[in-house]
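Understanding the architecture of this molecule
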Amino acid sequence: MRLEPSMKQAVIRRTVRKYSEQRLAPAAVEMDRTAEFPLDIAGEMAALQFFGIEIPSTYGGAGLETVSYAMVIEEISKVNAAMGLCVAVHNGVAASPMHMFGNEEQFQRFLIPLASGRAIGTFCLTEPNAGSDASSLETAAVREGDEYILNGNKVFVTNGGVSGINLIFGRVLPDHKGKNFAVFIVESHRKGLEKGPSEDLMGMRGNPVCPISLNDCRIPVENLLGGEGEGLKIALSTLNGGRIGIAAQALGIAQGALDVSIRYAKERHQFGRPISGFGAIQGFLADMGTRVEAARLLVYRASDLRDKGLDHASESAMAKLFASEAAVEVTKLGVQIHGGYGYTKAYPIERFYRDAKVCEIYEGTSEVQRMIIARGLMKR
Ligand SMILES: Cc1cc2nc3c(=O)[nH]c(=O)nc-3n(C[C@H](O)[C@H](O)[C@H](O)COP(=O)(O)OP(=O)(O)OC[C@H]3O[C@@H](n4cnc5c(N)ncnc54)[C@H](O)[C@@H]3O)c2cc1C
């Protein structure tokens, strides 16, 4: 069993780290303050292939494996979680299912623009009455000749404010057995697709998360991803991979929080010595570091299984559950180490704390992850 990154993975990590520290760290403060998404930086990242990490080069991607993908998300999220979210969702739950379930014509029309970053992607599953219970979604499609007509409301769409291509989950009517789910590729320019204002979020504020409504929105039948009735399968398989991205994001936030906390503990003096000399602070740092390392192992383990084409449903849920709870705990301890200054915007730890929380909520809450994990354990 190999636990060290390969030479190539180490180079990827170093390269992404350098770019993230130079460009994404300074942007993070402004994104958090203004809640605005920097399209110029996204364009720069597109040129560096951040938007097609696992997509083969034939379709404009970087053709990397999942372990490298997780490292990229981790490095970005270490300094700018809102941008890490953009990249994780675009790659993990928009470009990836397009590649896994699309056909050649769809690759040409949608995958190439996604992988090259010309269009930012979304994954639209959640609705006002369908959150954890995605099977109760109400968005409906009716086929009329060579078109589907879509009606419904999606909420909490990450990247929504800047998206060009949206994966909309709905049911095709008539749906007598309640299982005729499908995924529709809907470009943002389609008549009948409307975006609402971005949510005023607690954290991840630089990501334009918004509602999307569909009002008699017509799309050609060629925009169906997979087949009618395959929506649930696509959603579940996509989320197995997507959760690795969110776990890697949580890991990045936790590592970032640990790094700034160590620095602060060494710099801050009280009682005539650095606070890093106190046993209580060392205990905090030890707990934080241990959680970060354990999260990293789970993230790489799930990624490695995915790279080998093995079942990783439970492992990605475990990685997401543990890493997101670790991120919340580690950032909380980080604030404590910073004392009163940790409660101000003078240091990034306050932002890390706010950013971490949502990792326990999206792509399935921690309670839902526990259900998936328990089911997996009982099947063994
Ligand atoms: C910033 C942000 C970005 C998001 N991005 C996206 C996106 O891009 N695409 C998308 O489709 N969705 C997105 N979401 C939505 C997210 O996935 C949902 O919020 C999440 O799945 C929970 O659904 P809900 O909010 O309706 O909560 P609910 O399902 O109403 O849950 C409320 C509480 O009840 C608990 N609960 C529910 N059912 C059970 C059960 N059976 N057993 C035990 N506890 C249960 C939950 O764990 C939770 O604590 C995003 C959300 C946020 C906040």
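Because the structure is a prediction, the values reported are computed rather than measured.

Let us now look at helix H5 (residues 104-115). The terminal C-alpha atoms of H5, which comprises twelve residues, lie only 14 Å apart, well short of the 16 Å expected from a rise of 1.5 Å per residue. Within H5 the residues assigned to the buried category are Gln106, Phe107, Phe110, Leu111, Pro113, Leu114 and Ala115. Where H5 is buried, its residues contact helix H4 (81-101), strand S1 (120-124), strand S4 (163-173), strand S5 (181-187) and strand S8 (224-225). Positive backbone phi, at 80°, marks Gly117, one or two positions downstream of H5.

Attention now goes to the site of the ligand. The environment of the ligand is made up of 14 residues, and the closest members are Thr126, Ser132, Phe156, Thr158 and Glu367. The separation between an oxygen atom of the ligand and a polar main-chain atom of Leu125 is 2.9 Å. Ser132 is positioned such that a nitrogen or oxygen atom in its side chain is 2.6 Å from an oxygen atom of the ligand. Burial of the ligand by the protein chains amounts to 64% of its free accessible area of 980 Å². Broken down by class, the residue content of the shell around the ligand amounts to seven nonpolar, five polar and two charged. Taken together, domain 2 (122-229) and domain 3 (232-379) each give at least three residues to the shell around the ligand, which thus spans both.

This part covers the layout of surface pockets. Sizing a probe to match a water molecule and rolling it over the atoms shows the empty space that remains. The volume enclosed by the second largest pocket comes to roughly 530 Å³. Considering each element in turn, the lining of the second largest pocket owes the most residues, seven residues, to helix H7 (residues 279-307). Classifying every residue of the lining of the second largest pocket gives seven nonpolar, one polar and ten charged. Built from parts of two domains, the lining of the second largest pocket gets at least three residues from each of domain 1 (7-120) and domain 3 (232-379).

Within the element layout of this structure, Ser20 appears in helix H1 (residues 7-34). Judged by its relative accessible area of 1%, Ser20 is buried. When neighbours within four sequence positions are excluded, Ser20 is seen to be in contact with Ala25, Glu75, Ile76 and Val79.

Between helix H8 (residues 313-338) and helix H9 (residues 349-357), the least distance of the axes is 9 Å, while the angle of their chain directions is 160°. On the basis of their axis angle, the class for H8 and H9 is roughly antiparallel. For the element pair H8 and H9, the recorded crossing hand is left-handed. Contacts between H8 and H9 involve Ala327, Val328, Thr331, Lys332, Gly334, Val335 and His338 on the former and, on the latter, Ile349, Phe352, Tyr353, Ala356 and Lys357. Residues that form the contact of H8 with H9 fall into these classes: seven nonpolar, three polar and two charged.

Attention shifts here to the domain arrangement of the protein chain. The domain architecture assigned to the protein chain consists of domain 1 (7-120), domain 2 (122-229) and domain 3 (232-379). A separation of 20 Å is found between the C-alpha centroids of domain 1 and domain 3. Contact residues are listed per partner, giving 26 residues for domain 1 and 29 residues for domain 3. Regarding the contact of domain 1 and domain 3, the summed buried area is about 2,100 Å², with carbon and sulfur atoms giving 62% of it. In terms of surface lost to domain 3, no three residues of domain 1 exceed Glu74, Lys78 and Phe101, which account for 25% of the buried area on that side.

Leave glycine aside and you will find that most residues have negative phi; peptide bonds, for their part, are mostly trans. Residues Leu173 and Pro174 are joined by a peptide bond in cis, for which omega reads -5°. Among the structural elements, Pro174 can be located in the loop between S4 and S5. Phi at Gln49 takes a positive value of approximately 70°, unusual for a residue other than glycine. Positionally, Gln49 belongs in the loop between helix H2 (39-47) and helix H3 (66-79).

A few words on H4. Compared with an ideal rise of 1.5 Å per residue, which puts 21 residues at 30 Å, H4 spans 28 Å between its outermost C-alpha atoms and is within 8% of the ideal. The largest bend in H4 amounts to roughly 30° and is located at Ala95, with the proline Pro97 lying one to four residues further along. Taken across its 21 residues, H4 has 19 buried, putting it largely inside the fold.

What follows is about the pattern of salt bridges. If the charged atoms of two oppositely charged side chains come close together, the side chains can form a pair. Summed over the entire model, instances satisfying the criterion amount to 25 salt bridges. Between Glu187 and Arg109 there is a salt bridge whose closest N-O contact spans 3.6 Å. Placement of Glu187 in strand S5 and of Arg109 in helix H5 is noted, with a sequence separation of 78 residues between them. In this structure Glu187 comes out as buried when scored by relative accessible area, which is 10%. Residue classification places Arg109 among the partly exposed residues on the basis of a relative accessible area of 30%. Residues Glu127 and Lys154 are paired through a salt bridge, measuring 2.8 Å at the closest nitrogen-oxygen approach.

Attention now goes to empty space enclosed by the protein. On inspection of all chains with the given rule, the structure shows one cavity of 30 Å³ or more. Within this model, the largest cavity holds a volume of roughly 50 Å³. Together, Ala28, Met31, Asp32, Asn80, Ala81, Ala82, Met204, Arg205, Gly206, Arg351 and Asp355 line the largest cavity. When residues of the lining of the largest cavity are traced back to their parent elements, those giving at least two are H1, H4 and H9. Counting residues per element, the lining of the largest cavity draws most heavily on H1, which supplies three residues. By residue class, the composition of the lining of the largest cavity is five nonpolar, two polar and four charged.

What counts as what
Residues numbered from 1 in each chain as written. Predicted model: local features only at pLDDT ≥ 70, side-chain atom pairs only at ≥ 80, totals over all residues. Heavy atoms only, no water. Helix = DSSP H or I, 4+ residues; strand = E, 2+ residues; numbered from the N terminus. Expected span 1.5 Å × (residues − 1). Buried < 20%, exposed > 50% of the residue type's maximum accessible area, 1.4 Å probe, protein only. Contact = heavy atoms within 4.5 Å. Near = heavy atom within 4 Å. Polar contact = N/O pair within 3.5 Å; in protein donor to acceptor, adjacent residues only side chain to side chain. Areas by Shrake-Rupley, 256 points an atom, 1.4 Å probe, with all protein chains shown as cover. Nonpolar A, V, L, I, M, F, W, Y, C, P; charged D, E, K, R; others polar. Domains from an automatic or database assignment. 1 Å grid on protein atoms, 1.4 Å probe; cavity = no way out; pocket = protein on both sides within 12 Å on 5 of 7 lines; lining within 4 Å. Points joined across faces, edges and corners; volume = space filled by probe spheres on them. Axes fitted to C-alpha atoms, helices over the stretch in contact; angles between N-to-C directions. Parallel < 35°, antiparallel > 145°, perpendicular 65-115°, else oblique. Left-handed = near helix turned anticlockwise from the far one by under 90°. Buried area = accessible area lost by both parts, 1.4 Å probe. Bend = angle between axes of the 7 residues up to and from the residue. Salt bridge = Lys/Arg side-chain N within 4 Å of Asp/Glu carboxyl O.

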